[in-house]
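So you can see what is in the structure, the chains are spelled out below.
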Amino acid sequence: MMEETKNIVLSRGHNVKNWQVLGNDCYALECADCKKTVMIKERPLPNEIKVGGEAVAVNCVKPVKEKKLRKK
Ligand SMILES: [Zn+2]
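Only a predicted model underlies this, so the values are computations on that prediction, with no experimental measurement involved.

**Side note on the coordination of the zinc ion**
Coordination of the zinc ion by the protein involves His 14 (ND1), Cys 31 (SG), Cys 34 (SG) and Cys 60 (SG), with metal-donor separations of 2.1 to 2.3 Å. Given four donor atoms and angles of 102 to 115 degrees at the metal, the environment of the zinc ion is assigned as tetrahedral. One chain supplies every donor for the zinc ion, spaced along it as H-x16-C-x2-C-x25-C. Note that His 14 is positioned in the loop between helix 1 (2-11) and strand 1 (20-23) and Cys 34 in the loop between strand 2 (26-30) and strand 3 (37-41), a separation of 20 residues in sequence. Taking the relative accessible area as the measure of exposure, Cys 34 reaches 17% and is therefore buried.

**Details of the sheet that holds strand 1**
Taking strand neighbours across the sheet as the criterion, the four strands line up as 1-2-3-4 in an open arrangement whose pairing is antiparallel. Whereas interior strands pair on both sides, the edge strands pair on one side only; in this sheet they are strand 1 and strand 4 (51-52). When strand 3 meets strand 4, the two strands line up antiparallel, connected through two bridges. When the bridges of strand 4 are listed, Ile 40 appears paired with Val 51. Docked against the sheet, helix 1 engages strand 2, strand 3 and strand 4, running at close to 165 degrees with respect to strand 3.

**Observations regarding the nonpolar core**
Counting residues in each nonpolar core, the largest one holds 12 residues, listed as Val 9, Val 16, Trp 19, Tyr 27, Leu 29, Cys 31, Cys 34, Val 38, Ile 40, Ala 55, Val 56 and Cys 60. Among the secondary structure elements, those contributing two or more residues to this core are strand 2, strand 3 and helix 2 (54-57). Apart from residues no more than four positions distant in its own chain, Val 38 is found in contact with Thr 5, Val 9, Trp 19, Tyr 27, Ala 28, Leu 29, Val 51, Gly 52, Gly 53, Ala 55 and Val 56.

**So, the pattern of salt bridges**
For the structure shown, the criterion picks out three salt bridges. Between Asp 25 and Lys 41 there is a salt bridge, and its shortest N-O distance comes to 3.7 Å. In this pair, Asp 25 sits in the loop between strand 1 and strand 2 while Lys 41 sits in strand 3, placing the two residues 16 residues apart along the sequence. Here Asp 25 falls in the buried class, since its relative accessible area comes to 6%. Judged by relative accessible area, Lys 41 falls into the buried class, the value being 18%. Salt-bridge contacts for Lys 62 lead to Asp 33; the nearest nitrogen and oxygen are separated by 2.8 Å.

Criteria and cut-off values
Residues numbered from 1 in each chain as written. Predicted model: local features only at pLDDT ≥ 70, side-chain atom pairs only at ≥ 80, totals over all residues. Heavy atoms only, no water. Donors = N, O, S within 2.8 Å, 3.2 Å for Na, K, Ca; no water. Tetrahedral: all angles 85-135°; square planar, octahedral: opposite > 155°, others 65-115°. Helix = DSSP H or I, 4+ residues; strand = E, 2+ residues; numbered from the N terminus. Buried < 20%, exposed > 50% of the residue type's maximum accessible area, 1.4 Å probe, protein only. Pairing = 2+ DSSP bridges. Contact = heavy atoms within 4.5 Å. Axes fitted to C-alpha atoms, helices over the stretch in contact; angles between N-to-C directions. Core = buried A, V, L, I, M, F, W, Y, C linked by side-chain atoms within 4.5 Å. Salt bridge = Lys/Arg side-chain N within 4 Å of Asp/Glu carboxyl O.

Okay, structure coming up:
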């Protein structure tokens, strides 16, 4: 379940590493590039979603790197 979710996030180009434990059965991943997150719950309540967050829904947008030369 967690591995599967991570693979989806990775396939969208996100730069994610380890799951952060948010407490209870809740885990989160944050993309180091675009700061989008995904959260999963291992045992969601009937009114809760199992997987949520922008990182599973949208592709990663890499931050624009600053140019080395700054001419005024
Ligand atoms: Zn990203």
